[in-house]
Amino acid sequence: MLLVNIIKATLVRLVLLVHSVLAIWRAVSIASNMWLLLLAVADVAFITEALVTIIKRKGMEYKWFCPCFFFYLGGTLPSIWLLELDRRERYVSVKEGVYNVTATDSLAEIYPGVSIPISLPADTWVLLIEQFLLYFMIVGRWLLPRGTISRNELSQLLFVFIGIASDITEFFTLFDEDVVRKNLELTYAILIIWTVSLLQFCFVLTATRNSNKPRVALINSDIESPESIQAQRRKGGCEKCVSSEVWSTMVTMCMQDGPFLAIRLYVIITYHLVNYAIIFFTAKNALVMLLLLYRLVVICSQKNPENVPSSFDLSFSVTDPTPLSEYNMTSSHVSSDALQSDHDMKEDTLNYNSANRVNEYRNNNRQKYEA
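Residues numbered from 1 in each chain as written. Predicted model: local features only at pLDDT ≥ 70, side-chain atom pairs only at ≥ 80, totals over all residues. Heavy atoms only, no water.

Here we look at the packing of aromatic side chains
For step 1, the next point in the chain: Applying the stated rule across the entire model yields 12 aromatic pairs.
For step 2, the next point in the chain: With centroids separated by 5.7 Å and ring planes inclined at 65 degrees, the aromatic side chains of Phe 65 and Phe 203 adopt a geometry described as edge-to-face. Here Phe 203 lies in the loop between helix 7 (184–198) and helix 8 (226–234) and Phe 65 lies in the loop between helix 2 (41–56) and helix 3 (67–95), a separation of 138 residues in the sequence.
For step 3, the next point in the chain: Judged by relative accessible area, Phe 65 falls into the partly exposed class, the value being 31%.
For step 4, the next point in the chain: For Phe 203, a relative accessible area of 31% translates into the label partly exposed.
For step 5, the next point in the chain: Judged by centre distance (6.0 Å) and plane angle (80 degrees), the ring pair of Tyr 266 and Tyr 271 falls under edge-to-face.
For step 6, the next point in the chain: When its relative accessible area of 25% is taken as the criterion, Tyr 271 is described as partly exposed.
For step 7, the next point in the chain: An aromatic cluster is built from Phe 65, Phe 70, Phe 71 and Phe 203, whose rings are joined through pairwise contacts. (Phe/Tyr/Trp six-rings, centres within 6.5 Å; stacked < 30°, edge-to-face > 60°. Helix = DSSP H or I, 4+ residues; strand = E, 2+ residues; numbered from the N terminus. Buried < 20%, exposed > 50% of the residue type's maximum accessible area, 1.4 Å probe, protein only.)

Take a look at the structure:
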């Protein structure tokens, strides 16, 4: 199993590294500037992270953050920025009749004798690099060793990644509008928001509370004092507001649907751009924002399960002679199942005490007889 994890971690990082180098190579080809090779500095950090993870951690990933994707994006996104800005310049040139839209481009020889014999239209190069960026991160997260996250959390994360990738792809449809493509400032704004939204792939915020966790705690010798229990309950409200569910909701609002809604509303109000696609996606982002706000309210206002009395709250020592009626267990405080469970537990304890007394009586009589 250890060998399999190392192989998977190595294979995924190798594919991501090849894609990042290809994007940098393409950026150097269109700009004819060898200084752009400095973009590969992030790939050096990517390789360093790969060595640390594979050698020291035996290929196991971290639970809350994925540095593999972070360094991968750091090496690939600047190249995509250059490709998109070049795409905009070519779009303006086509409108002015300067650039031949049917021309195909190939990767230049960065080193003598090193070339890739692939010729594609310039726009196709950009689209392929952008789309494979999303596909590689989704499939890569699936193949990477799970680390400390469960299979259930990994499946949730993959579905979240697919939804994020779909929304990001829809967001880039703004570039299909003539007024957006010609505006350089708006192009920068869209690229910035697109970059921020991609950083969501670096976070793993799907770990939620386990609803199947038993509410009856086993009694051990280290029973907490009433003061410590009350202190934990007072912290329950704060802990709910900083749970992984709250963080994942805030990340989606601030890094995706909120900025997407703002830029689309800006385009509609400022440039009076109204069509089916932009109206649909604007309404979608607005509805999602409302649902996320509603979700935040529900999470922060729900009752803390720790505040509901359970058999842990009614714990007692095995030598406690207190009658069951003195615990004042009413149906308004505990469920009938919990009441029956505590009743059975109390009976077992009383039987245990009786057996101890019988054994003690027999031992005393045996000692008197022997004397």
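Some details on the packing of helix 1 (residues 2–31) against helix 2
Between two packed helices, both the angle of their axes relative to each other and the distance between the axes serve to describe the pair.
For step 1, the next point in the chain: The N-to-C vectors of helix 1 and helix 2 enclose an angle of 180 degrees; their axes lie 11 Å apart at closest approach. In terms of orientation, helix 1 lies roughly antiparallel with respect to helix 2. Where helix 1 approaches helix 2, its residues Ile 6, Ala 9, Thr 10, Arg 13, Leu 16, Leu 17, Ser 20, Val 21 and Ile 24 are matched on the opposing element by Asp 43, Phe 46, Ile 47, Glu 49, Ala 50, Thr 53 and Ile 54.
For step 2, the next point in the chain: Tallied by class, residues from the contact of helix 1 with helix 2 come to 10 nonpolar, 3 polar and 3 charged. (Axes fitted to C-alpha atoms, helices over the stretch in contact; angles between N-to-C directions. Parallel < 35°, antiparallel > 145°, perpendicular 65-115°, else oblique. Contact = heavy atoms within 4.5 Å. Nonpolar A, V, L, I, M, F, W, Y, C, P; charged D, E, K, R; others polar.)

A word on the nonpolar core
Inside soluble globular proteins, nonpolar side chains tend to come together where they are buried.
For step 1, the next point in the chain: Core analysis: the biggest nonpolar cluster contains 48 residues, and Phe 69, Leu 133, Ile 190, Trp 194, Leu 198 and Phe 201 have the highest contact counts within it.
For step 2, the next point in the chain: Only helix 1, helix 3, helix 4 (122–143), helix 5 (151–171), helix 7 and helix 10 (244–271) provide two or more residues apiece to this core.
For step 3, the next point in the chain: Formed by 7 residues, the second largest nonpolar core is a distinct cluster that contains Leu 261, Met 289, Leu 292 and Leu 296. (Core = buried A, V, L, I, M, F, W, Y, C linked by side-chain atoms within 4.5 Å.)

Examining the pattern of salt bridges
For step 1, the next point in the chain: A full pass over the atoms with the stated rule returns 10 salt bridges.
For step 2, the next point in the chain: The residue Glu 61 makes a salt bridge to Arg 13 at a minimum N-O spacing of 2.8 Å. Placement of the pair is Glu 61 in the loop between helix 2 and helix 3 and Arg 13 in helix 1, with a sequence separation of 48 residues. Arg 13 carries the same exposure label as Glu 61, and that label is buried. (Salt bridge = Lys/Arg side-chain N within 4 Å of Asp/Glu carboxyl O.)

Regarding helix 2
For step 1, the next point in the chain: With 16 residues, helix 2 should cover 22 Å at 1.5 Å per step; its first-to-last C-alpha distance of 22 Å lies within 8% of that length.
For step 2, the next point in the chain: Those residues of helix 2 not exposed but buried are Ala 42, Asp 43, Phe 46, Glu 49, Ala 50, Thr 53 and Ile 54. Projected down its long axis, helix 2 carries its buried residues within an arc of 120 degrees, all on one side. Facing away from the buried surface of helix 2 by more than 90 degrees, the exposed residues are Val 41, Val 44, Ile 55 and Lys 56.
For step 3, the next point in the chain: Where helix 2 is buried, its residues meet helix 1 and helix 3.
For step 4, the next point in the chain: Positive phi shows up at Lys 58, right after helix 2, with a value of about 60 degrees. (Expected span 1.5 Å × (residues − 1). Arc of directions from axis to C-beta.)

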